[in-house]
Structure formats: C-alpha cells, structure tokens
Amino acid sequence: MQGRDRKKDSAAYRVALSAVLTALAMIFSYVEAILPFNFGIPGVKLGLSNLVVLVALYSLGAGYAFAINMTRIVLSGLLFGGVSAMLYSLAGGLLSFAVMLILMKTDIFSPIGVSTAGGVSHNIGQLTVAALITETPKIYLYLPVLLISGTVTGILLGTAAALILQRMGAIVRGADKIERR
C-alpha cells in the first residue's frame, strides 16, 4: 500500500497522467468534431472529453483537472471550432467544473451524480452565453431538451468514469503486488 501512495503522490506520476489525460481529451474532442454524436438533436453532444476531466478530478485533484479542462477547451477551440465555439465551451466547461468540484467535495454524490450535475450545468452555461450573445431570452425554451440530454449523457459518462476509476485503482494495486515480489 505504501508503494502505491508514493507513486500517486509523486510529481512525475501526476504530470505523466495529466499529459495522457490531456491527449485523450483532445482525441475525444477531435472525434466529436468529425463524428458529431448529437442524436439528431441540435446542440446536443455526448461530451466525451468531460469524461476525462471527471477522471482527472477524482484521480489527480482539482488543480490538475482544471488545467486539463482549460487546455482541452483552448486547444479544441483553436483546432476544431473557432473563437465562438471556444466561448461556449469555456462557459459550459467552467460552470460544469465548478459544480462537479463542489459536489465531489461533499462526498455525498458518486461520480455518476457528479457527472450528471456537470452535464446539466455545462448545458446551462452554454445556453446562458447563447442568450447573452443573441439577446434572446426565449432561447431558454430549449432548456428542457438540454436538461434531459445533460442528464442522460451525465449518467453515461459518470458510469464510465466510475468504472475507469475503479480499474485505475486495480491497476495500481496490481503494480504494487509485482513490486513486492
């Protein structure tokens, strides 16, 4: 157990895992840019890169997860979306991150609950930016659709994150057994 804790606490481990997770978030952003998973509903995305942010939040902590999230938003915006897409993503990503961080720290919610709240808040953040830019408050009439999609995708991604986090723990435990031999 001590070997596992030392590895997870080392700066090299955190930096390496952050780099891998950032690359994975970028790959997921690219996949969603070329193969939109909108289920036939305008404005709806699966948000695969948010899965990476959630895993980082639980495995590395808020600082690393925030850096991964911001790097992904800026690079994806520059590479795949443009300034307006980056603005929407930034609003949704920041609100979602803040909500997920607060809920995670309460220790009341599982990663599934944290992810669901993050998905819903991401959509609210983006819708708020759209309402401000277009000066059209009626855009909030689309909120029920986005709340449902945020809930569904949040549950899916939260379930995947819980499984990944569980597996990451198993991998680290397995490495400890090998070291002790």
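Residues numbered from 1 in each chain as written. Predicted model: local features only at pLDDT ≥ 70, side-chain atom pairs only at ≥ 80, totals over all residues. Heavy atoms only, no water.

1. Quick word on the environment of Tyr13
Okay, step 1: Here Tyr13 lies in helix H2 (residues 11–34).
Okay, step 2: Judged by relative accessible area, which is 23%, Tyr13 ranks as partly exposed.
Okay, step 3: Along the primary structure Tyr13 and Leu60 are separated by 47 residues, whereas in three dimensions their C-alpha atoms are 9.5 Å apart. (Helix = DSSP H or I, 4+ residues; strand = E, 2+ residues; numbered from the N terminus. Buried < 20%, exposed > 50% of the residue type's maximum accessible area, 1.4 Å probe, protein only.)

2. Focus on helix H3 (residues 48–59)
Owing to its 3.6 residues per turn, the α-helix aligns residues three or four sequence positions apart on the same side.
Okay, step 1: The end-to-end C-alpha separation of H3 is 17 Å, in line with the 16 Å expected for 12 residues at 1.5 Å each.
Okay, step 2: Counting buried positions along H3 yields 10 of 12 residues, so the element is predominantly enclosed.
Okay, step 3: Where H3 is concerned, the buried positions are Leu48, Ser49, Leu51, Val52, Val53, Leu54, Val55, Ala56, Leu57 and Ser59.
Okay, step 4: One or two residues past the end of H3 sits Gly61, with phi positive at roughly 105°. (Expected span 1.5 Å × (residues − 1).)

3. Focus: the packing of H2 against H3
Okay, step 1: For the pair H2 and H3, interaxial distance at closest approach is 7 Å and the crossing angle is 165°. Here H3 runs roughly antiparallel to H2, going by the angle between their axes. Seen along the crossing, H2 lies across H3 with a hand that is left-handed. Of the residues in H3, those in contact with Leu17, Leu21, Leu24, Ala25, Phe28, Ser29 and Glu32 of H2 are Leu48, Ser49, Leu51, Val52, Ala56 and Ser59. (Axes fitted to C-alpha atoms, helices over the stretch in contact; angles between N-to-C directions. Parallel < 35°, antiparallel > 145°, perpendicular 65-115°, else oblique. Left-handed = near helix turned anticlockwise from the far one by under 90°. Contact = heavy atoms within 4.5 Å.)

4. Topic: the nonpolar core
Okay, step 1: Grouped together as the largest cluster of nonpolar side chains are 25 residues, with contacts concentrated most on Leu21 and Leu57.
Okay, step 2: Of all elements in the fold, only H2, H3, helix H4 (62–81), helix H5 (83–106) and helix H7 (143–180) reach the threshold of two or more residues within this core.
Okay, step 3: Sorting elements by how many residues they give to this core places H3 first, with eight residues.
Okay, step 4: Not counting chain neighbours up to four residues away, the residues in contact with Leu57 comprise Ala62, Ala65, Phe97, Met100, Leu101 and Met104. (Core = buried A, V, L, I, M, F, W, Y, C linked by side-chain atoms within 4.5 Å.)

5. Quick look at a nonpolar patch on the surface
Okay, step 1: A cluster of nonpolar side chains, contributed by Tyr30, Ile34, Leu35, Val74, Leu75, Leu78, Leu79 and Phe80, occupies part of the molecular surface with about 750 Å² of accessible area.
Okay, step 2: At the level of elements, H2 and H4 are the ones that each hand at least two residues to the nonpolar patch.
Okay, step 3: Positionally, Tyr30 belongs in helix H2. (Patch = residues over 30% accessible without salt bridge, like charges linked within 9 Å, V, L, I, M, F, W, Y side chains within 5 Å. Areas by Shrake-Rupley, 256 points an atom, 1.4 Å probe, with all protein chains shown as cover. Salt bridge = Lys/Arg side-chain N within 4 Å of Asp/Glu carboxyl O.)

6. Points about the confidence of the model for the protein
The predicted coordinates ought not to be read in detail in places where the model reports low pLDDT.
Okay, step 1: Scored by pLDDT, the protein comes out at a mean of 86, with 85% of its residues at no less than 70.
Okay, step 2: Helix H6 (residues 111–134) holds the highest mean pLDDT among the elements of the protein, 94, whereas helix H1 (residues 2–9) holds the lowest, 58.
Okay, step 3: Here residues 172–181 is modelled with pLDDT under 50, and outside its nearest four sequence neighbours on either side it reaches nine contacts, counting other chains as well. (pLDDT = per-residue confidence, 0-100.)

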